[in-house]
Amino acid sequence: MFKTQINAAKATAFKLTEGAVAKSLPAFTITRNRGFLPREDPVQKLPSVFNPVESLLDRMTIHAHGKLNSGLLATGQFGDAVKHELKGLGLEHKVDEAILSNDQMMLSALFRDYAFLTSAYVLEPVDIEFRKTGKYTTGRNVLPRELAVPMKKLAEALGHFPFMEYASVYALQNWARKDPAGDITFDNLELIRAFENHEGSEKGFILVHVDMVANSGKLISAAEDCITAAATKQRDDFNVALEQLYNAYQSINQSMETMWGRSKPADYINFRSFIFGTAPKEGNPMFPEGVIYEGVGDEKPQYFRGESGANDSMIPLGDNLLEITASLPENDLTAVLRDFRQYRPPTQREYIESIEARARLAKVKLFAHGDPKSLALYVLNVDQIREFRNRHWSFTKEYIVRRSAYGIATGGSPILRYLPSNLSIVNLVLEEACSALPGTATLVSSGLSKSLAVNVNACKRRAEVQKRVLEAEMAVWAIVDDQKQNELERTSVRAIPHTDEDLGEQKIMQRGWVGNDGVG
Ligand code: HEM
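Only a predicted model underlies this, so the values are computations on that prediction, with no experimental measurement involved. (Residues numbered from 1 in each chain as written. Predicted model: local features only at pLDDT ≥ 70, side-chain atom pairs only at ≥ 80, totals over all residues.)

Draft legend 1. Seen up close, the environment of Phe340. Structurally, Phe340 can be placed in helix α15 (residues 332–340). A count of 21 C-beta atoms within 10 Å places Phe340 in the buried class. Counting along the chain gives 32 residues from Phe340 to Ser308, while the straight-line C-alpha distance between them is 8.9 Å. If we ignore the near neighbours within four places in the chain, the residues touching Phe340 are Ala310, Asn311 and Gly411. (Helix = DSSP H or I, 4+ residues; strand = E, 2+ residues; numbered from the N terminus. Buried ≥ 20, exposed ≤ 12 C-beta atoms within 10 Å, placed from the backbone. Contact = placed C-beta atoms within 7 Å.)

Structure follows, in structure tokens:
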């Protein structure tokens, strides 16, 4: 009897320890199964002590609960509601208790929810002006302590900047399965939080990202096998891993293509206002003086990049594994790309860096060039990265450039220069690899299937066309960009507007002015 009791006590203690350890694992623990998704489905509801936070989130959405323009953000009452409803509740102490409990999934949910409130608060005036006039204006530059202190504490606990992020807030921590036993696929998903609408295009925009990332476990698995095989010079294993990588990128690109139908190009600017950041520090007309976080001790203006798929890890993984990153020139745009990598959960940041270092050590690219079949598979994978960036550039032109003259993207990059520049580097790597390929007969005799040999030939042709088209396009955008710079030099006084000035958010391609870069 006594022995049984001891064993039961031991079992309970073990369970507790096991449970505590499991809870304290980072939300974005990377595995071959979940990939870059959080290790568990996001927590949907906060503990009841945070009901006032939950209530604001519930009432803020512009079309709340399917009722058009009924939410606090539609009526312009959100900022006041935050000040009145959170004041004096002492929720920051409840945040301290949550941090002490170290339940990482719960902390992530808290961070997500406070970050939603933070972005809604600082960007509410920007959105109101945009809906009224089609032009942006300045955001609020002081964040009240009821939001600032919890944001700062939660961000420190999770290793983030205290602002909205792609993985930990807007996209990868913001979905729930309708059928918990079903797969993580678009049709089985719904949104937890939304600025504009839980349905329609905002839902489509966010959940297509999740649907794509649901394939990232396969990427990670293939990347790991690829590095091991290159390091140990196991040619067959290397080729199998490269083919798996190719299949995974194909699924991801197929899912990405569904964006057109699930999130309409004309709708993006209806929720875009809320995902802007407060960076870059220089020349950001929305936040010329940054944002002061009240009550955090150091009340200097803060500048953070906004939410952007640029902080997703699937393409950086491929860039690093296939050693495309090594071909990036040392310039301001590459500095932006590297800076984007800071805006990720620490586990992903470290993982992406480790892939870069290990692929270099294992000489993945050189090993791929050492065999016709490997080289063909390498080409197919680089072409998938090209395809992603090409489709993505089409999205950007259709969802943003066609409809808005504001030249800074939500992540803070100069829209017209950043994305095409990265695409052109991938083209170069592709062209270099294609030029080393032997003819189709040699590829097939090296073991490449006939259907993949056909795909490789198609890649070669596309690489040439893409290069020509992009070069022509970039020449045009460079002229637009130059005009913009000249315009800014002549009117430099207006480069940082006063609160009541508009930010040129009209779709005029030459004279209107915008931020530091881009069209206007
Ligand atoms: C309507 C759809 C989309 C639009 C309008 C869009 C817009 C943008 C913009 C403007 C950038 C430039 C960086 C910045 O924010 O400053 C960017 C970067 C990026 N976005 Fe998207 N995006 C879309 C969909 C997606 C999707 C579905 C993904 C999938 C994960 C994604 C992943 C990325 C990546 C990886 C980058 C960095 C690109 C690079 O390294 O060349 N985006 N996006």
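Draft legend 2. Expanded view of helix α19 (residues 415–435). The end-to-end C-alpha distance of α19 is 31 Å, a good match for the 30 Å that 21 residues give at a rise of 1.5 Å each. Most of α19 sits out of view: 16 of its 21 residues are buried. (Expected span 1.5 Å × (residues − 1).)

Draft legend 3. Spatial organisation of helix α14 (residues 314–321). The element α14 is extensively covered by neighbouring structure, given that eight of its eight residues are classed as buried. Inspection of α14 places Met314, Ile315, Pro316, Leu317, Gly318, Asp319, Asn320 and Leu321 among the buried residues, and these make up the whole buried set. Structurally, α14 contributes buried residues whose contacts are with α9 (200–213), α10 (216–231), α11 (235–257), α16 (346–362), α17 (364–369) and α18 (372–401). Backbone geometry just downstream of α14 places Glu323 in the positive-phi region, at approximately 60°.

Draft legend 4. A look at the site of the ligand. Around the ligand, 29 residues are found, and the nearest of them are Ser308, Gly309, Ala409, Gly411 and Ser413. Counting residues per element, the shell around the ligand draws most heavily on α18, which supplies six residues. Counted by class, the shell around the ligand contains 16 nonpolar, eleven polar and two charged residues. (Near = placed C-beta within 6 Å. Nonpolar A, V, L, I, M, F, W, Y, C, P; charged D, E, K, R; others polar.)

Shape is all these values report; function is a separate question.
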